[in-house]
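Structure assessment
Now for the letters of each chain:
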Amino acid sequence: MITIYGVLRSRATRPVWLLDELGAEYELVPVIQSYRLADPQAADAALNTASPAFLAVNPMGQVPALDHDGFCLAESMAITFYLSRALTGEACPRDAREEGEAVQWALLATSAVETPALDILYTYGKGETATEAGQAKLAAATAALARPYARIEAHLQGRDWLMGGRFTVADILLAEAVRYTQPHAPALAPFPALSAWIARCQARPAFVAMMARRNAEPA
Ligand SMILES: N[C@@H](CCC(=O)N[C@@H](CS)C(=O)NCC(=O)O)C(=O)O
């Protein structure tokens, strides 16, 4: 039995998108970020990242977390990779070289894209875009993304997907980091191949259905 702990308003989208692409059976146990609750310790509080029951699954107290027949794993990238090894399907790496390529794109996503991308997301989310500080954050994040985005843009010339001539786990892990930059058009505008690729990723039925579930969750 595959259990994913988390909500879709979190990095749980990464393993959930893969599971949905693969048509795998799983349970999504809603665990909300504790900072979103007025009092995480209240008797009627939802299961959250500070709940002792959840800390037994992930002592780091963050979502997503995985329990696969008693095997527990944290970190969204590790969970998604593990699932792409444990399960089979078109989106899974087929050999060691594809695994290496997928790890490469995932590490680029987490090391070079995710932090500035989240700066953009949070600047918009906090309504700071009209302030001087907000504009400075957006400019710095856009500048930081220019190098990895240029690298991806060059790679996507003549390619629909990152590797293997098909949609794979690599596309999921990079696309979910790039998504955070979409509120800020100037970050993506200089990169037409990257923009077309993210649109292709987000047109997939599994992504569309997952985002509909996500948007139905409490904000
Ligand atoms: N590197 C971790 C980051 C996990 C993370 O920051 N999760 C957030 C939600 S997306 C969380 O659980 N925040 C609540 C908290 O830190 O208490 C991963 O990729 O899984």
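Higher on the page you've got the structure.
What counts and how
- Residues numbered from 1 in each chain as written.
- Predicted model: local features only at pLDDT ≥ 70, side-chain atom pairs only at ≥ 80, totals over all residues.
- Heavy atoms only, no water.
- Salt bridge = Lys/Arg side-chain N within 4 Å of Asp/Glu carboxyl O.
- Helix = DSSP H or I, 4+ residues; strand = E, 2+ residues; numbered from the N terminus.
- Buried < 20%, exposed > 50% of the residue type's maximum accessible area, 1.4 Å probe, protein only.
- 1 Å grid on protein atoms, 1.4 Å probe; cavity = no way out; pocket = protein on both sides within 12 Å on 5 of 7 lines; lining within 4 Å.
- Points joined across faces, edges and corners; volume = space filled by probe spheres on them.
- Nonpolar A, V, L, I, M, F, W, Y, C, P; charged D, E, K, R; others polar.
- Domains from an automatic or database assignment.

Things to note about the pattern of salt bridges
- Applying the stated criterion to the full structure yields 10 salt bridges.
- Its salt-bridge partner being Arg-204, residue Glu-21 comes within 2.9 Å of it at the nearest N-O pair. Residue Glu-21 is found in helix H1 (residues 13–22), and its partner Arg-204 is found in the loop between helix H8 (192–202) and helix H9 (205–216); the two are separated by 183 residues along the sequence.
- Arg-204 sits in the partly exposed class, given a relative accessible area of 23%.
- Salt-bridge contacts for Glu-99 lead to Arg-85; the nearest nitrogen and oxygen are separated by 3.4 Å. With Glu-99 in helix H4 (residues 96–125) and Arg-85 in helix H3 (residues 76–86), the pair connects residues that are 14 residues apart, well separated along the chain.
- One network of salt bridges, in which partners are shared, links Arg-11, Arg-14 and Glu-114.

Quick notes on the layout of surface pockets
- Estimated volume of the largest pocket: approximately 920 Å³.
- Lining the largest pocket are 32 residues, with Ser-10, Arg-11, Gln-33, Tyr-35 and Tyr-122 positioned closest to its centre.
- Elements with a minimum of two residues in the lining of the largest pocket: H3, H4 and H9.
- Along the lines of polarity and charge, the residues of the lining of the largest pocket split into 13 nonpolar, 10 polar and nine charged.
- Each of domain 1 (2–91) and domain 2 (96–204) accounts for three or more of the residues forming the lining of the largest pocket.

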